[in-house]
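# Observations on chain architecture
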Amino acid sequence: MEFKKSQKLYEKGLQHLVGAVNSPVRAFASVGGNPLFIKKAKGTTIVDVDGNRYVDYVLSYGPMILGHRHKKVQKAIQKALKNGYTFGASTHNEIKLAKIVCDAFPGMDKVRFVNSGTEAVLSALRLARAYTGKDKIIKFSGCYHGHSDALLVAAGSGLATLSMPGSKGVPEDAVKNTLIATFNDLDSVKAHFKQHDDIAAVIVEPIAGNMGVVLPEDGFLSDLKTYLESQGALLIADEVMTGFRSTFGGAQELFNVVADITCLGKVIGGGFPVGAYGARNEIMEMVAPLGGMYQAGTLSGNPIAMAAGIATLTELKKQNPYEQFDEVAAILEVILLETAKKYNIDLVVNRFGSMINPFFVKNEVSNFEDALKADTKKFAVFFWEMIKNGVFLPPSQFEAWFLSSALSENDLKKTTKAIDAAMLAVSKM
Ligand code: PMP
């Protein structure tokens, strides 16, 4: 397998792009080697500029849940393109997508569309503060909520990948109202409430996907919600990753909790830049033009993105692939664990629905501290061997692998072979 053209583009890209990428994890920094440049993708197959073909488990970090270029989504985009790309005025499709989203999430009477998960979350924090009149926010270490100043502390995703505790350029003032708790540990939340009486909200990835996949323990989310109610604080569910992916109504449906504010992204844009935040009427009526919390966007509710989102969610509802996701992930889990055992490698697999994550670690992973014990050097060897065997994974131990409903038996066969070769390589380290 050759990567000559990717290598050339990488060298060329370095001149005018930072690290030749527009988002840090794409740089392959933690697995060594240079990033691949992609030419095209269809279904579950992604093709790099050298013509190498891979089964894609990155899926643009989640959005491509139907696989790439699904016929119906592509058709909807092409149809929308004929009418223009952006108007700075409302369109019927915004109302249609809003209805699909609000019908799926019982905690959302109204929704506001934005352009990314980051924007959704930073707006949700502002809304929680506006509604409660309080300033402090609690987040869990290892959860990632985008790159807004207040949330770039103890964050997962790219920061975990690059071993960065936070970000330069974030003033102390911007994080002085951010408190850190431990995922799956309600006592760590309560300890903050004992010390502070101005906590507006707790933000959580209900199924954490940015420290690798980490599941909420039984009762964690519902106990958290009940406790917050008793304290007059809001629960913000960051379902940017899990919304419409864990099941149609997100992790809240599965774990039987209704958050006060919900953040969405990824799948709802069908591959275009869309984020959203929403809540019950009483809270959303704080947002301008109805209320005094300001938030806006030139391209928000972009017509092409709305069309892609509607087509994706409509097809997703029809396919209802969630049981199938669980079955496929269970098969992958067994393959990963049995192959690791065959080569005498410590491995823990966490999975939920269409998100799965093997950790090169001995003991179970239920929070960020556990996840950080994973052997990233082993992951790097595993990653490159998977690439050489035609499987495209997120280039980080701390990013979830995503499944699409287009995944076939042949893809699984190819993946199984690749896993064997990759575990063998790890065993020889
Ligand atoms: N929240 C979560 C849970 C995420 O996974 C992400 C992105 N991985 C974000 C927020 C930020 O979204 P975006 O990259 O679209 O700004």
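Since this is a predicted model, take the numbers as computed values, not measurements. (Residues numbered from 1 in each chain as written. Predicted model: local features only at pLDDT ≥ 70, side-chain atom pairs only at ≥ 80, totals over all residues.)

In the vicinity of the ligand, 17 residues are found, and the nearest of them are S116, G117, T118, G146 and V240. Considering each element in turn, the shell around the ligand owes the most residues, 3 residues, to helix α4 (residues 117-132). Residues belonging to the shell around the ligand are distributed by class as follows: 5 nonpolar, 10 polar and 2 charged. (Near = placed C-beta within 6 Å. Helix = DSSP H or I, 4+ residues; strand = E, 2+ residues; numbered from the N terminus. Nonpolar A, V, L, I, M, F, W, Y, C, P; charged D, E, K, R; others polar.)

The positions UniProt marks with the feature "modified residue: N6-(pyridoxal phosphate)lysine" (unreviewed entry) are K266. Beyond its immediate chain neighbours, meaning those up to four positions away, K266 contacts G62, P63, G117, V240 and M241. (UniProt positions renumbered as here; feature names shortened; annotations may be inferred. Contact = placed C-beta atoms within 7 Å.)

A word on the sheet that holds strand β6 (residues 178-181). An order of β4-β10-β9-β8-β7-β5-β6 is seen for the 7 strands of this open sheet, with the pairing classed as mixed. What marks the edges here is a single partner per strand, and that holds for β4 (110-114) and β6. Taken pair by pair, the neighbouring strands of this sheet meet at an average axis angle of 20 degrees, ignoring direction. Of the strands in this sheet, β5 (136-140), β6 and β7 (199-204) are in contact with helix α7 (residues 186-195), which crosses β6 at around 145 degrees. Contacting β7 and β8 (234-238), helix α8 (residues 220-231) runs over the sheet at an angle of about 145 degrees to β8. (Pairing = 2+ DSSP bridges. Axes fitted to C-alpha atoms, helices over the stretch in contact; angles between N-to-C directions.)

What follows concerns the packing of helix α14 (residues 376-388) against helix α15 (residues 409-427). Following both chains from N to C, one finds α14 and α15 inclined at 140 degrees, their axes separated by 8 Å at the closest point. One way to sum up the angle between α14 and α15 is to call them oblique. Crossing of α14 against α15: the hand is right-handed. Residues K378, V381, F382, E385 and M386 of α14 form the contact with α15, whose own contacting residues are A418, A421, A422, A425 and V426. Along the lines of polarity and charge, the residues of the contact of α14 with α15 split into 8 nonpolar, no polar and 2 charged. (Parallel < 35°, antiparallel > 145°, perpendicular 65-115°, else oblique. Left-handed = near helix turned anticlockwise from the far one by under 90°.)

We now examine the domain arrangement of the protein chain. Reports of interface size often rely on the accessible area that becomes lost once the parts have come together. Domains assigned within the protein chain are domain 1 (4-65 + 321-427) and domain 2 (71-318). Contact residues are listed per partner, giving 29 residues for domain 1 and 30 residues for domain 2. When contributions to the side of domain 1 that touches domain 2 are tallied by element, the ones reaching two or more residues are β11 (348-352), β12 (355-359) and α13 (368-371). With 4 residues, the single largest contributor to the side of domain 1 that touches domain 2 is β12. (Domains from an automatic or database assignment.)

Below, the discussion takes up unusual backbone geometry. Cis geometry is adopted by the peptide bond preceding P289, which originates at A288 and carries an omega value of 15 degrees. As for its placement among the helices and strands, P289 is situated in the loop between α10 (281-284) and α11 (303-319). Backbone geometry at N256 places phi at a positive 60 degrees, although glycine is not the residue there. Assignment of secondary structure puts N256 in the loop between α9 (250-255) and β9 (261-264). According to the C-beta neighbour criterion, N256 is exposed, with 9 such atoms within 10 Å. You will see that N320, though not glycine, has its phi angle at about 40 degrees, which is positive. (Buried ≥ 20, exposed ≤ 12 C-beta atoms within 10 Å, placed from the backbone.)

Moving on to the packing of helix α2 (residues 71-81) against α11. Interhelical geometry of α2 versus α11 gives an angle of 155 degrees and a closest axis separation of 8 Å. When the axes of α2 and α11 are compared, the pair comes out roughly antiparallel. Pair α2 / α11 crosses with right-handed handedness. For the pair formed by α2 and α11, the contact residues are K72, V73, A76, I77, K79, A80 and L81 on the first element and P303, I304, A307, A308, I310, A311, T312 and E315 on the second. Across the contact of α2 with α11, the residue classes break down as 11 nonpolar, 1 polar and 3 charged.

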